[in-house]
Amino acid sequence: MLLGAYAKLHYNPNQLAMDKFVIRGGNPLLGTVRVSGAKNAALPAMAAALLTEEQVILENIPQVRDIETERKLLAAMGAEVELGFGRAHHRTTISCGSIRNPEVGYDLVKTMRASSLVLGPLVARFGRARVSLPGGCAIGARPIDLHIKGLERLGARITQEHGYIEARADRLKGEEIVFDKITVTGTEDLLMAATLAEGETLMLNCAREPEVQDLAELLIKMGAKIEGAGTATIRIQGVTRLHGAKHKIIPDRIEAATFIIAGAITGGDLNVTACEPQHLDALFQKLQEVGVKIVPGPDSVRVMGDNPLQAADVNTEEYPGFPTDMQAQYMALATQAEGASIITENIFENRFMHALEMVRMGANIKIEGRRAVVRGRTALSGAAVLASDLRASASLVLAALVADDETIIDRVYHIDRGYEHIEEKLKGVGAQIRRIGEIFPKKKAMAKAAGR
Ligand code: UD1
């Protein structure tokens, strides 16, 4: 066995968690909290294993629900995937030597949009891929047209029927691809596809996120020829085959940033460890404007939140700008700053669902199209609130940490998609947070949801 003893994954496919968080606010967070591996780097890295018949070993994999979904997705196609979560190692070993069926159904895509990341690697290696189209999701339309357009540029024939995209190609051919819009998973999908294409691919207007760079590092270890990942222009020389590799996933910058805001919002003194401070520059600049004291170390950040907070405007942008995945958490902080903060969401439409829940807790927030105007400082009071998506859930946890009395956050399965044991980590630094609810057998949970 890979790690000697495998810890059983928290999530059982035959069970449905109907959990809630109960949080009593008011405690400053003090001590040390450790950051897990980046979900958004681990997902494309797992998809990259499809590019070779040899074994790919990935370390620092976070123990979150999306990773379990990706495991299922690869296993359903015939891959052998072992996921191991021990005290010292979080690791997956993937062998895609015997993929039987390069298809991904709606059941998986609907719970995790990043499933479309397998489109490029599948068509590049097997000459065929059939992947369900994602529907609209809680944070806007989120199409995958740029993935499809890019694959067509590389010579894939694409058809769309019965809610599925089908891509076919004898061998992809290197080409110039100019992304109309910067897309993170689109860049990753085509980067993977181009590694096995014939000749050179030049990709322009690429996403520069650290997760793209991490994927390129893995692909290079697998034998790919890539230059420029982490810049807007990536050049790939196609090779005929890739081999196995071992790679450690980068720390999760969004989880790190969420803890940093937790320290700041509670007026705490928190040491956030096992992170990469260089990936957090835009957040640090903003927090300095707000009046939060930040001391970055080589792989840790100390945050001291004892100053009064001042309002500051935020515009979400592609990396290295302020991440859209931190917009909701920043909004929670803005409710505790003096003055008006204007938060402009430039990446996704309809990504302010958390604002309405914060208003129910006493925040003063007005939404005007892509802008939210947050007037602070307002005392928040505990309420029953509903988590609508992954980052929105994190923002409600942050708001609850400073609210009077008790907040109950429903639908925490959203947070379990991307934050590893967040309640344990927060409890470890002094938060009063507990998970309630039951783990139901799936049938019973569905009957309960349907009111039966
Ligand atoms: C990734 C991240 C997500 C983050 C987002 C933006 C993963 C698994 N997810 O999502 O956490 O919030 O980047 O930083 O890494 N678009 C199109 N057509 C396309 C693709 C995208 O119009 O084919 C649009 C989207 O609707 C959105 C924008 O481009 O408005 C950026 O989306 P994109 O960068 O693709 O987000 P994801 O890769 O899905």
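Further up the page is the structure itself.
What you see is a predicted model; the values in this text were computed from it and never measured.

Helix and strand counts for the protein stand at 15 helices and 26 strands. Relative to the globule expectation of 22 Å for 452 residues, the C-alpha radius of gyration of the protein, 22 Å, shows essentially globular dimensions. Along the longest, intermediate and shortest principal axes, the C-alpha atoms of the protein span 60 × 45 × 40 Å. Taking all 452 residues of the protein together, 56% fall into the buried category. Restricting to contacts in the protein with at least 6 residues of sequence separation, those with at least 24 account for 74%. For the protein, the exposed area adds up to about 18,300 Å²; of that, 47% sits on carbon and sulfur atoms. Separation of charge centres in the protein, based on 54 positive and 55 negative side chains, amounts to 5 Å.

With that out of the way, let us pick up the site of the ligand. Around the ligand sit 19 residues in total, of which Asp-145, Thr-183, Thr-185, Asp-325 and Ile-347 are the nearest. Separating an oxygen atom of the ligand from a side-chain N or O atom of Arg-113 is a distance of 2.9 Å. One of the backbone N or O atoms of Leu-146 is found 2.7 Å from an oxygen atom in the ligand. Isolated, the ligand exposes 740 Å² of accessible area, and the fraction of that covered by the protein chains is 89%. Only helix 5 (145-153) and helix 6 (184-195) provide two or more residues apiece to the shell around the ligand. It is helix 5 that contributes the most residues to the shell around the ligand, 3 residues altogether. Across the shell around the ligand, the residue classes tally to 8 nonpolar, 5 polar and 6 charged. Counting contributing residues, the shell around the ligand receives three or more from each of domain 1 (10-36 + 251-449) and domain 2 (39-248).

The full count for this structure, using the stated rule, is 31 salt bridges. Across the pair Arg-130 and Glu-166 runs a salt bridge, and its minimum N-O distance is 3.6 Å. With a gap of 36 residues between them, Arg-130 in strand 8 (residues 128-132) and Glu-166 in strand 10 (residues 164-168) connect regions that are remote in the sequence. Among the ionic pairs, Arg-153 bridges to Glu-175, the shortest N-O distance being 3.3 Å.

Let us look at the sheet that holds strand 13 (residues 225-227). Reading across from one edge, 11-12-14-13 is the order of the 4 strands in this open sheet, with mixed pairing throughout. Lying at the two open borders of the sheet, with one neighbouring strand each, are strand 11 (176-178) and strand 13. On average, each strand axis in the sheet is inclined to that of its neighbour by 15°, with strand direction left out of account. Judged from the 4 bridges that link them, strand 12 (residues 200-204) and strand 14 (residues 234-237) form a sheet pairing that is antiparallel. Its bridge partner lying in strand 14, Glu-200 is registered against Gln-237.

Note that Leu-270 resides in strand 16 (residues 269-273). Measuring from C-alpha to C-alpha, the distance between Leu-270 and Phe-259 comes to 8.2 Å, with 11 residues separating the pair along the chain. Residues contacting Leu-270, with those up to four places away along its chain left out, are Leu-29, Leu-30, Gly-31, Val-33, Phe-259, Gly-263, Val-301, Arg-302, Val-303 and Val-429.

Our next topic: the packing of aromatic side chains. For the structure on display, the rule yields 1 aromatic pair. Centre to centre, the rings of Phe-322 and Tyr-330 are 5.7 Å apart; their planes meet at 75°, and the pair counts as edge-to-face.

Across the sheet, which stays open at both edges, the 4 strands sit in the order 23-24-2-25 with mixed pairing between neighbours. Strands with a single pairing partner mark the edges of an open sheet, and in this sheet they are strand 23 (384-386) and strand 25 (432-436). For this sheet the average axis-to-axis angle between neighbouring strands, irrespective of direction, equals 20°. Relative to strand 25, strand 2 (residues 20-24) is paired through 5 bridges, and the arrangement is antiparallel. Paired with Phe-21 across the two strands is Arg-435, which belongs to strand 25.

We now examine the environment of Thr-185. Position of Thr-185 relative to the elements: it lies in helix 6. Other than its neighbours up to four places away in sequence, Thr-185 contacts Leu-117 and His-147.

The rules behind each value
Numbers given to residues run from 1 along each chain, matching the order in which its sequence is written. At least 70 in pLDDT is required for a residue's local features to be given in this predicted model, at least 80 for side-chain atom pairs to be given and counted, and no such filter applies to totals for whole chains, interfaces and linings, which use all residues. Hydrogens are left out, water is left out, and the side-chain values use all remaining heavy atoms of the structure. For helices the rule is a DSSP run of H or I covering at least 4 residues; for strands it is a run of E covering at least 2, with both sets numbered from the N terminus onward. Only the C-alpha atoms count toward the radius of gyration. The rule for a globule is 2.2 Å times the residue count to the power 0.38. Burial here depends on accessible area, computed with a 1.4 Å probe over protein chains only, as a share of the maximum for the residue type. Under 20% is buried, over 50% is exposed, and the range in between is partly exposed. Two residues qualify as a contact provided that any one of their heavy atoms is within 4.5 Å of a heavy atom in the partner residue. For every accessible area listed, the method is Shrake-Rupley and the probe measures 1.4 Å; residues are considered covered only by the protein chains on display. Here the positive residues are Lys and Arg and the negative ones are Asp and Glu; neither His nor the chain ends is included. Here the site of a charge means NZ on Lys, CZ on Arg, CG on Asp, or CD on Glu. Each residue is tested against the molecule or strand, and it is near if at least one of its non-hydrogen atoms lies within 4 Å. Pairing of N or O atoms within 3.5 Å defines a polar contact, subject to two protein rules: one partner must be a possible hydrogen donor and the other a possible acceptor, and residues neighboring in sequence count only if both atoms are side-chain atoms. Following the grouping adopted for this structure description, the nonpolar residues are Ala, Val, Leu, Ile, Met, Phe, Trp, Tyr, Cys and Pro, the charged ones are Asp, Glu, Lys and Arg, and the polar ones are all others, Gly among them. An automatic or database domain assignment provides the domain bounds reported here. We count a salt bridge whenever a side-chain nitrogen from Lys or Arg sits within 4 Å of a carboxyl oxygen from Asp or Glu. Note on pairing: DSSP must find at least two bridges between two strands before they are called paired. Lines fitted to C-alpha atoms define the axes, with helix axes restricted to the stretch in contact, and inter-axis angles between N-to-C directions lie between 0 and 180 degrees. Note on aromatic contacts: the rings of Phe and Tyr and the six-membered ring of Trp form a pair at centre separations within 6.5 Å, being stacked when their planes are under 30 degrees apart, edge-to-face when over 60 apart, and tilted otherwise.

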